[in-house]
Amino acid sequence: MPGSEWGTATEQRFNINLSILFTELPLLERPAAAAAAGFTAVELWWPWVDSPTPERSELDDLKKAIEDAGVQLTGLNFYAGQLPGPDRGALSIPGAESERFRANIDVAADFARSLGCRALNALYGNRVEGVEAAEQDALALENLVLAARAADRIGAILLIETLNQPESPLYPLVSAPAGVAVVDRVNEATGLGNARFLMDLYHLSMNGEDLPSVIERYAAKTGHVQIADNPGRGAPGTGTLPLEDLLGRLRKAGYEGWVGLEYKPGDRPSAAAFDWLPAEARAAR
């Protein structure tokens, strides 16, 4: 998509998800690569998939890489199991995974606070064979309440994300109403009001949802937006989603937050995957 078609992009605040873009580079080199591409803000899935509580030196090294690159960390996932991989979160899975999530809560929150990050994303987790859905949902609410309190402690919001059923068939939150219902339950349980919906336009489109309607209904409860084109989960312009129009609708509905670029670069280096976005629109204002 030619950059000129994104004439209103300067009204957006974009950030790069360094867990799906620049993955051809080691983790500690990705923040500088994002800066070299003209971006000033980044987000991350939990980078240590095998450890909810990595060594202090690993946390410090990533913090230094982000600071040295001069980019702002604007979003961070809590521990979510093997992601990318078969897992879709840990907080609703009884036993060891739930315990790992709980062990991670303060680690992730403190790391976010150290970098001024104000959004923490808690992936719900897959359904588990032999466990009642109601049991998983009760555990999820317990853990999300703990996560919301930790987020509140650092002045952050807690994000609840809807994924898509074709790619995540065991994940129970595969519609905007399902995700927003969990947001409402968490806010009711905590009284903090800091749980928000993560509106991923790619996932919602994969679910066949009416995106203009979703935006109209839920923009006010949305704390973060992520984009990728569909089909293919590539850069804007590689598929058929009218992403600029949808982001314009979000702005008109009052959304002023970040738009995370969470797409695959395709068969090219990540640095070449931003030609749709004018250089002057990449640095957050």
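Before going into details, it helps to say that this report is about the structure given with it. Owing to the predicted nature of the structure, the values given are computational and were not obtained by experimental measurement.

**Quick word on the sheet that holds strand 5 (residues 157–161)**
Read once around its circumference, the closed barrel built from eight strands follows the order 1-2-3-4-5-6-7-8, with strand pairing classed as parallel. Between one strand axis and the next, the sheet turns through 30 degrees on average, direction left out of account. Summarising the sheet, strand 7 (residues 222–227) and strand 8 (residues 258–261) pair through three bridges and their orientation is parallel. Within strand 8, the residue paired with glutamine 226 across the bridge is glycine 260. Of the strands in this sheet, strand 5 and strand 6 (195–200) are in contact with helix 5 (residues 176–190), which crosses strand 6 at around 165 degrees.

**Considerations on the nonpolar core**
Judged by nonpolar contacts, the single largest core of 88 residues is most densely connected at Met199 and Leu261. Setting aside residues no more than four positions away along its own chain, leucine 261 makes contact with Phe14, Asn15, Ile16, Asn17, Ile20, Leu21, Phe39, Ile227, Phe274 and Trp276.

**Here's the deal with the pairing of strand 2 (residues 41–44)**
Because side chains alternate across strand 2, one face comprises the buried residues Ala41 and Glu43, and the other comprises Val42 and Leu44, equally buried. For the segment spanning strand 1 (residues 13–17), helix 1 (residues 30–36) and strand 2, crossover handedness is right-handed. Relative to strand 3 (residues 72–77), strand 2 is paired through four bridges, and the arrangement is parallel. Bridging across to strand 3, valine 42 finds its partner in leucine 73.

**Focus: the pairing of strand 7**
Of all six residues that make up strand 7, six are buried, and the element is covered over most of its length. In this structure, strand 6 lies alongside strand 7, joined through four bridges in parallel fashion. Bridge pairing in strand 7 links leucine 198 to histidine 224. Read as a crossover between parallel neighbours, the route from strand 7 over helix 8 (residues 243–252) to strand 8 is right-handed.

**Considerations on the side chain of arginine 233**
Relative to the helices and strands, arginine 233 resides in the loop between strand 7 and helix 8. In contact with arginine 233, not counting residues within four places along its chain, are Ile20, Trp45, Tyr202, His203, Ala228, Glu262, Tyr263 and Lys264.

**A look at helix 8**
One full turn of an α-helix is made of 3.6 residues, so residues set three or four places apart face in the same direction. Within helix 8 the residues assigned to the buried category are Leu243, Leu246, Leu247, Gly248 and Leu250. Tucked inside the fold, the buried residues of helix 8 contact strand 1, strand 6, helix 6 (201–206), helix 7 (211–218), strand 7 and strand 8. Two residues or fewer after helix 8 comes glycine 254, characterised by a positive phi angle close to 105 degrees.

**Topic: the packing of helix 2 (residues 56–69) against helix 3 (residues 96–114)**
Between helix 2 and helix 3, the least distance of the axes is 11 Å, while the angle of their chain directions is 30 degrees. Considering their axes alone, helix 2 and helix 3 lie roughly parallel with respect to each other. Note that helix 2 runs across helix 3; the crossing there is right-handed. From helix 2, Leu59, Leu62, Lys63 and Glu67 reach across to helix 3, where they touch Val107, Phe111 and Ser114. Looking at the contact of helix 2 with helix 3, its residues break down into four nonpolar, one polar and two charged.

Cut-offs and rules
- Residues numbered from 1 in each chain as written.
- Predicted model: local features only at pLDDT ≥ 70, side-chain atom pairs only at ≥ 80, totals over all residues.
- Heavy atoms only, no water.
- Pairing = 2+ DSSP bridges.
- Helix = DSSP H or I, 4+ residues; strand = E, 2+ residues; numbered from the N terminus.
- Axes fitted to C-alpha atoms, helices over the stretch in contact; angles between N-to-C directions.
- Contact = heavy atoms within 4.5 Å.
- Core = buried A, V, L, I, M, F, W, Y, C linked by side-chain atoms within 4.5 Å.
- Buried < 20%, exposed > 50% of the residue type's maximum accessible area, 1.4 Å probe, protein only.
- Right-handed = clockwise from strand over helix to strand, strands pointing away.
- Parallel < 35°, antiparallel > 145°, perpendicular 65-115°, else oblique.
- Left-handed = near helix turned anticlockwise from the far one by under 90°.
- Nonpolar A, V, L, I, M, F, W, Y, C, P; charged D, E, K, R; others polar.

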